[in-house]
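Working through the structure, step by step
Each chain is listed here by its residues.
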Amino acid sequence: MIPLPTGLRARLVITFTLVAVTASVLVATIGFELAKAALVQRAEDTAVDVVVRELNRITFPVGRLRQGEAPPTSQNLAELAQALDGPGRSVTVEYRNLAYADGPLTMADVPNELYGRAKQNVVSQRKVIHGELWLIVGSEVYRQSGPAAEPTGLRAFVFFPLRDEESQLSTLRSTLTQGGAVIVLIALVVAWLSARQVLLPVRRLSAAAQALGEGRLDTRLPVHGQDELAELTARFNDAAAALELSVAELRSLEAMSRRFVADVSHELRTPLTAMTAVADVLYDEADRLPEESAEAVRLVLGEIERLRELIEHLIEISRFDAGTATLNLEPVNVADAIQDCLEVRGWSKQVQVKAPRNLTVNLDPRRFDVVVANLVGNALKHGQPPVLVNARGTENGLEVKVRDHGKGIPAEALAHVFDRFYKAGAGRARSQGSGLGLSIARANVHLHGGTISVRPQDPGTLFTVWLPRP
């Protein structure tokens, strides 16, 4: 089955054409039938007039064998037939047992119904004989002498060929068909032009909407006329202007927010440096302080470390938001990079690493370190041992998997683990960590053009990182 076109232009053209075809067929059919009826009626009237006129000219004696009257002879019937004869006609005359036919058609070709009605009046009927259409006019001959006409029993039937009428109707049918085809062709052209004219504003609106979707918020359309499409275009321009204003305000607020976060983060670095120096001194003295003071010192030291991590993460996030984060690619031995990341943070004994020693990939080593550190740190903080890190080369890049064997992440939280400041479960609201680590890991992976995903395991959770080969 051929699928029907679903475009608005195609539907308009098809509808317009169907209406034109229907109207053309109706007009042509009605016109043809009216012309046919008029043509046939004219032929019948002419034929009846000819027969009546010729019958009125009869001069030989006819009658019902009255006493003293001689009946018509074969010669008389032949003369009557010749008088009624004409171009293309065929005549047959009957008087009781006498019959005469002038032409190829005889009394056997006269319909019984017409033969019976010919006793009363001049009658006519169309009939196809030997594959050709004929008009048969029949009548009984009346005595013309005396005060009143009197039937004589003599009947005459004249066969008029309708070749000319059929030829005229065929010509008319052909003309109407050609005219209908021309009308349909004109209707197609007019429908196409009309649909194009009507749909032009719609296409412009579609292109403008696409431009808005691509970020060109200054897109506007000219308004022509005062119809519904013009009103729709004006409403589109108003909506586009309102959207541009709203987006400009949001961008301004977002820029201010990013600048505020970046400025605050940088401003906090100076006092944090001093606090870290003091914290180092307090850490060395904590063991010599009373138990309660030592516990307070350790608590302050933990919060200072948490604050340092949060500020570093905020500064990193602000770089991504500002679009200033860049890649510095260089050949990196993946196994060595993972081991270095774990040793620097003191995690070597807590994590099992499986990676080929000769696997070298072009990466940004600092950002790869951040990705591994965040994933492993998250597994150590919120999961349970053993924590496994597997790295392998694929046909198109590098795949790194980090898995723990803890309780896992709730199913409803899996879709949000990479959101900023998101922590799964109320019990983790005050847990160590900024809530930005996984978000930063994802940003660094995307900066490499790679992907990162999370899936639940039994038990634990599996993070998978894929980095393409540059």
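Parameters at a glance
- Residues numbered from 1 in each chain as written.
- Predicted model: local features only at pLDDT ≥ 70, side-chain atom pairs only at ≥ 80, totals over all residues.
- Heavy atoms only, no water.
- Salt bridge = Lys/Arg side-chain N within 4 Å of Asp/Glu carboxyl O.
- Helix = DSSP H or I, 4+ residues; strand = E, 2+ residues; numbered from the N terminus.
- Buried < 20%, exposed > 50% of the residue type's maximum accessible area, 1.4 Å probe, protein only.
- Pairing = 2+ DSSP bridges.
- Axes fitted to C-alpha atoms, helices over the stretch in contact; angles between N-to-C directions.
- Phe/Tyr/Trp six-rings, centres within 6.5 Å; stacked < 30°, edge-to-face > 60°.
- Lys NZ or Arg CZ within 6 Å of the ring centre and 35° of its normal.
- pLDDT = per-residue confidence, 0-100.
- Contact = heavy atoms within 4.5 Å.
- Expected span 1.5 Å × (residues − 1).
- Bend = angle between axes of the 7 residues up to and from the residue.
- Core = buried A, V, L, I, M, F, W, Y, C linked by side-chain atoms within 4.5 Å.
- Left-handed = near helix turned anticlockwise from the far one by under 90°.
- Nonpolar A, V, L, I, M, F, W, Y, C, P; charged D, E, K, R; others polar.

The next subject is the pattern of salt bridges. Across all of its chains, the model carries nine salt bridges by this definition. As a salt-bridge pair, Glu244 and Arg220 come within 2.7 Å of each other at their nearest N and O atoms. Highlighted residues: Glu244 in helix 5 (residues 228-285) and Arg220 in the loop between helix 4 (163-213) and helix 5, separated in sequence by 24 residues.

Further remarks concern the pairing of strand 1 (residues 90-95). Successive residues of a regular strand alternate their side chains across the two faces of the sheet. Counting buried positions along strand 1 gives six out of six residues, so the element sits mostly inside the fold. Relative to strand 2 (residues 98-102), strand 1 runs antiparallel, the two being bridged by five bridges. Along strand 2, the bridge assignment pairs Glu94 with Ala99. Following strand 1, the chain reverses through two residues before pairing antiparallel with strand 2; Arg96 in that reversal takes a positive phi of roughly 55°.

This paragraph deals with the sheet that holds strand 11 (residues 451-456). In a beta sheet, neighbouring strands pair by backbone hydrogen bonds and run either parallel or antiparallel. If you trace the five strands from one edge of the open sheet to the other, you get 7-9-10-12-11, paired in mixed fashion. Among the strands making up the open sheet, the edge pair consists of strand 7 (351-354) and strand 11. Neighbour-to-neighbour, the strand axes of the sheet open up by a mean angle of 15°, direction not taken into account. Here six bridges tie strand 11 to strand 12 (residues 461-468), and the two strands are oriented antiparallel to one another.

Taken as a whole and assessed by the stated rule, the structure comprises two aromatic pairs. Look at Tyr115 and Phe157: their rings are 5.9 Å apart centre to centre, the planes differ by 20°, and that puts the pair in the stacked class. With a gap of 42 residues between them, Tyr115 in helix 3 (residues 112-117) and Phe157 in strand 5 (residues 150-161) connect regions that are remote in the sequence. For Tyr115, a relative accessible area of 28% translates into the label partly exposed. Positioned above the aromatic ring of Tyr115, the side-chain terminus of Arg155 is 4.4 Å from the ring centre.

When pLDDT is averaged along the protein, the result is 80, and 86% of the positions lie at 70 or above. Taken together, the stretch residues 63-67 has pLDDT below 50 and engages in 16 contacts with residues farther than four places along the chain or on a different chain.

All right, on to helix 4 then. Because each turn of an α-helix spans 3.6 residues, side chains separated by three or four positions end up pointing in the same direction. Spanning 51 residues, helix 4 covers 72 Å between terminal C-alpha atoms, matching the ideal 75 Å at 1.5 Å per step. Of all bends in helix 4, the biggest is about 40°, found at Leu199, and the proline Pro201 comes one to four residues later. Within the sequence span of helix 4, burial applies to Glu165, Leu169, Gly180, Ala187, Ala191, Ala195, Leu199, Leu205, Ala208, Ala211 and Leu212. Backbone geometry just after helix 4 places Gly215 at a positive phi near 100°.

The next subject is unusual backbone geometry. The residue after Pro385, namely Pro386, is reached through a cis peptide bond having omega 0°. A cis geometry characterises the amide bond from Asp458 onward to Pro459, with omega recorded as 0°. With respect to the element layout, Pro459 can be found in the loop between strand 11 and strand 12.

Within the largest apolar cluster, 38 residues are counted, with the highest numbers of intra-cluster contacts made by Val334, Ile338, Phe368, Leu375, Val376, Leu398 and Val465. Elements represented by at least two residues in this core include exactly helix 7 (334-344), strand 8 (360-363), helix 8 (365-382), strand 9 (387-393), strand 10 (397-403), helix 9 (437-447), strand 11 and strand 12. Ranked by residue count, the leading element in this core is helix 8, at seven residues. In contact with Phe368, other than residues within four places in its own chain, are Val334, Ala337, Ile338, Leu363, Leu398, Val400 and Leu467. Core analysis: the second largest hydrophobic core is formed by 20 residues, Val50, Leu84, Tyr95 and Leu135 among them.

With respect to the helices and strands, the residue Asp364 is situated in the loop between strand 8 and helix 8. Not counting chain neighbours up to four residues away, the residues in contact with Asp364 comprise Thr326, Leu327, Asn328, Leu329 and His448.

By the secondary structure assignment, Val247 is in helix 5. Spatially, the C-alpha atoms of Val247 and Gly215 are 9.9 Å apart, while their sequence positions differ by 32 residues.

Burial along strand 8 is one-sided: Val361 and Leu363 are buried, while Thr360 and Asn362, pointing the other way, are not. In the sheet, strand 6 (residues 330-333) pairs with strand 8 via four bridges, with the strands oriented antiparallel. Bridge assignment links Asn333 to a residue of strand 8, and that residue is Thr360.

So, about the packing of helix 8 against helix 9. With their axes 9 Å apart at the nearest point, helix 8 and helix 9 run at an angle of 145° to one another. Helix 9 is crossed by helix 8, and the crossing has left-handed handedness. Residues Arg367, Val370, Val371, Asn374, Leu375 and Asn378 of helix 8 form the contact with helix 9, whose participating residues are Gly437, Leu438, Ile440, Ala441, Asn444, Val445 and Leu447. For the contact of helix 8 with helix 9, the per-class residue count stands at eight nonpolar, four polar and one charged.

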